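# Structural description and commentary
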Amino acid sequence: MKIEDLKDGTKVDLICLVSNVTKGVSNNNSQYLNVTLQDSTGTIEAKKWDATEDDINLFKIRNIVHILGESNMYRNNLQLKIISAEAIEDYNASDFVMSAPVEVKTLENELHEYLNMIKDKDVKAIVEELINKNYGDYLKHPAATRNHHEYCSGLLYHSISVTKLVVTLADIYKDLDKDILIGGALIHDLGKIKELSGPIIPTYTTEGKLIGHISIMQAEIKEAADKLNIKGEVPMLLEHMILSHHGKKEFGSPVLPMTREALVLSIADDLDAKMNILEKAYKDTNEGEFTNRIYPLEDRAFYKPKKR
């Protein structure tokens with residue numbers, strides 16, 4: 001049984017990874033645990049009522065557990081009531097990590113196709129230097145800890161999706177610099193390799209918390225340009241793409257987009273992130289109904305139209 005198989009009223013027999021846990025105290029003064037469980041198909045919130053010290057020791061982040069329980073709807077969300085659980089030792093945590101919906105080999109091939117599209121030798125040299133330096137991690141890293149593309153190969157999947165968007169826009173708006181656009185799109189979130197711990201329950205690293213992926217990547221572009229002895233505007237234009245790609249200062253960009261290419265990248269990045277958030281919300285929503293309110297999208301509920 002997998003998490004994606006659960007429905008309201010399902011008897012549950014699952015092996016899952018504990019990805020988060022918090023303690024609470026009920027009205028009758030007994031302890032309970034709020035546990036987030038995950039496998040390769042998704043996540044579910046669970047509760048262990050009347051939690052003992054053994055339960056507290058069992059439900060620790062990154063532990064793998066065998067769960068018996070039942071699922072039920074609560075406030076329009078499917079939850080799991082844990083009846084009993086035991087530790088599982090002979091499983092690899094990577095077996096319980098969600099992955100991008102496209103095979104990593106396909107994404108890897110697309111990455112090289114886009115790299116080959118870059119004609120400007122300076123753009124190509126800097127972008128290839130940065131990608132080759134981080135290649136293994138680029139293929140498997142998540143793009144976030146939550147909200148969007150927060151799974152194995154999520155960073156590459158998001159980067160390729162953004163690149164597809166900017167290439168399409170460059171075919172419409174002919175004066176755009178396609179080389180700068182492709183280069184910026186492929187490396188815009190590469191700093192998340194240092195910002196986030198990895199694909200298994202990603203958390204922010206110390207460097208991620210203190211510096212952040214935008215500043216990390218801007219510094220790496222400058223370092224690569226110096227190493228390759230590349231002068232002129234290209235390094236500066238790529239740095240600006242990174243520094244401005246969140247679009248607004250309140251969203252973390254130290255500067256606003258001030259080139260056409262930077263503006264296009266910020267729009268494509270925002271669009272892909274929002275569409276990924278909506279895709280997840282629609283997955284758990286019936287046709288003809290509204291999603292739950294989605295905090296990253298101004299706390300709006302979105303309607304899922306009926307198929308025609």
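You'll find the structure just up there.
Our subject in this report is the structure included herewith. Within any chain, residue numbers begin from 1 and follow the written order of that chain's sequence. Whole-chain, interface and lining totals are the exception, using all residues; otherwise, since this is a predicted model, local features are given only for residues with pLDDT of at least 70 and side-chain atom pairs are given and counted only at 80 or more. Values shown for side chains rest on all heavy atoms present in the structure; no hydrogens or waters enter the calculation.

On to helix α10 (residues 233-244), then. Secondary structure elements are taken from DSSP: a helix is a run of H or I of four residues or more, a strand is a run of E of two residues or more, and numbering for both begins at the N terminus. For a helix, the expected span equals 1.5 Å multiplied by the number of residues minus one. The terminal C-alpha atoms of α10, which comprises 12 residues, lie 16 Å apart, in line with the 16 Å expected from a rise of 1.5 Å per residue. Whether a residue is buried, partly exposed or exposed follows from its accessible area with a 1.4 Å probe, protein chains only, as a fraction of its type maximum: under 20%, in between, or over 50%, in that order. Turning to α10, its buried residues number three or more, namely V234, P235, L238, E239, H240, M241, I242, L243 and S244. Check the buried side of α10 and you find it contacts α3 (121-133), α6 (178-187), α9 (213-228) and α11 (260-283). Whether two residues are in contact is decided by their heavy atoms, any of which lying within 4.5 Å being enough.

The subject of this paragraph is the environment of V167. Here V167 is to be found in helix α5 (residues 154-172). Between the C-alpha atom of V167 and that of L228, which follows or precedes it by 61 residues, the distance is 26 Å. Contacts of V167, omitting those with residues within four sequence positions, involve Y114, M117, K178 and I182.

Buried Ala, Val, Leu, Ile, Met, Phe, Trp, Tyr and Cys residues form a nonpolar core when they are joined through side-chain atoms within 4.5 Å. Counting residues in each nonpolar core, the largest one holds 49 residues, and the members touching the most others are L111, I126, I131, Y138, L186 and I187. Of all the elements in the fold, those that place two or more residues in this core are α2 (104-117), α3, α4 (135-140), α5, α6, α9, α10 and α11. Among the elements that make up this core, the one with the highest residue count is α5 (8 residues). Apart from the residues within four sequence positions on either side, L111 is in contact with I131, Y135, Y138, L156, I160 and L186.

The backbone of H149 shows a phi angle near 55 degrees, a positive value even though the residue is not glycine. The exposure class assigned to H149 is buried, which follows from its relative accessible area of 1%.

Glancing now at the packing of α5 against α6. For helices, the fitted axis covers only the stretch in contact; all axes are lines through C-alpha atoms, and the angles between them, taken along N-to-C directions, range from 0 to 180 degrees. Look at α5 against α6: their axes get within 8 Å of each other, and the N-to-C directions meet at 165 degrees. Relative to α6, the element α5 is oriented roughly antiparallel. The two elements α5 and α6 meet at a crossing, and its hand is right-handed. On α6, the residues that touch S159, I160, V162, T163, V166, V167, A170 and D171 of α5 are K178, L181, I182, A185 and L186. For the contact of α5 with α6, the residue count by class is 9 nonpolar, 2 polar and 2 charged. Any angle that falls under 35 degrees is termed roughly parallel, while one over 145 is termed roughly antiparallel, one within 65 to 115 roughly perpendicular, and all others oblique. Take the far helix as the reference: if the near one is turned anticlockwise from it by less than a right angle, the crossing is left-handed, and if turned clockwise, right-handed. For this scheme, ten residues count as nonpolar: Ala, Val, Leu, Ile, Met, Phe, Trp, Tyr, Cys and Pro. Four count as charged, namely Asp, Glu, Lys and Arg, and the remainder, Gly too, count as polar.

With that out of the way, let us pick up the side chain of H66. You can see H66 is positioned in strand β4 (residues 64-74). There is a polar contact of 2.6 Å between the side chain of H66 and the side chain of D13. Here H66 is in contact with D13, L14, I15, S84, A85, E86 and I88, once residues within four sequence places are set aside. We call two N or O atoms a polar contact when they sit within 3.5 Å, provided that within protein one can donate a hydrogen and the other can accept it, with sequence-adjacent residues counted only if both atoms are side-chain atoms.

Any Phe, Tyr or Trp ring, taking Trp's six-membered ring, that has another such ring centre within 6.5 Å forms a pair; planes under 30 degrees apart are called stacked, those over 60 apart edge-to-face, and the others tilted. Enumeration over the complete set of coordinates arrives at 2 aromatic pairs. Ring plane angle 45 degrees and centroid distance 4.9 Å describe the contact between Y32 and W49, whose orientation is recorded as tilted. Taken as a pair, Y32 in strand β2 (residues 31-39) and W49 in the loop between β3 (42-48) and α1 (53-58) lie far apart in primary sequence, 17 residues in all. Classification of W49 as partly exposed rests on a relative accessible area of 38%. Between F290 and Y303 the ring centres are 5.2 Å apart and the planes differ by 55 degrees, which places this aromatic pair in the tilted class. Separated by 13 residues along the polypeptide, F290 in strand β6 (residues 289-290) and Y303 in strand β7 (residues 303-304) bring together distant segments of the chain.

Bringing the pairing of β4 into the picture now. Inspection of the sheet shows strand β1 (residues 11-25) paired to β4 by 7 bridges, in the antiparallel sense. Directly across from L14, in β4, lies its bridge partner I67. A pair of strands is considered paired only if DSSP assigns at least 2 bridges between the two. Relative to strand β5 (residues 77-87), β4 is paired through 10 bridges, and the arrangement is antiparallel. By the bridge assignment for β5, N72 is matched with Q79. Counted along the chain from β4 to the antiparallel partner β5, the turn is 2 residues long, and its residue R75 has a positive phi close to 55 degrees.

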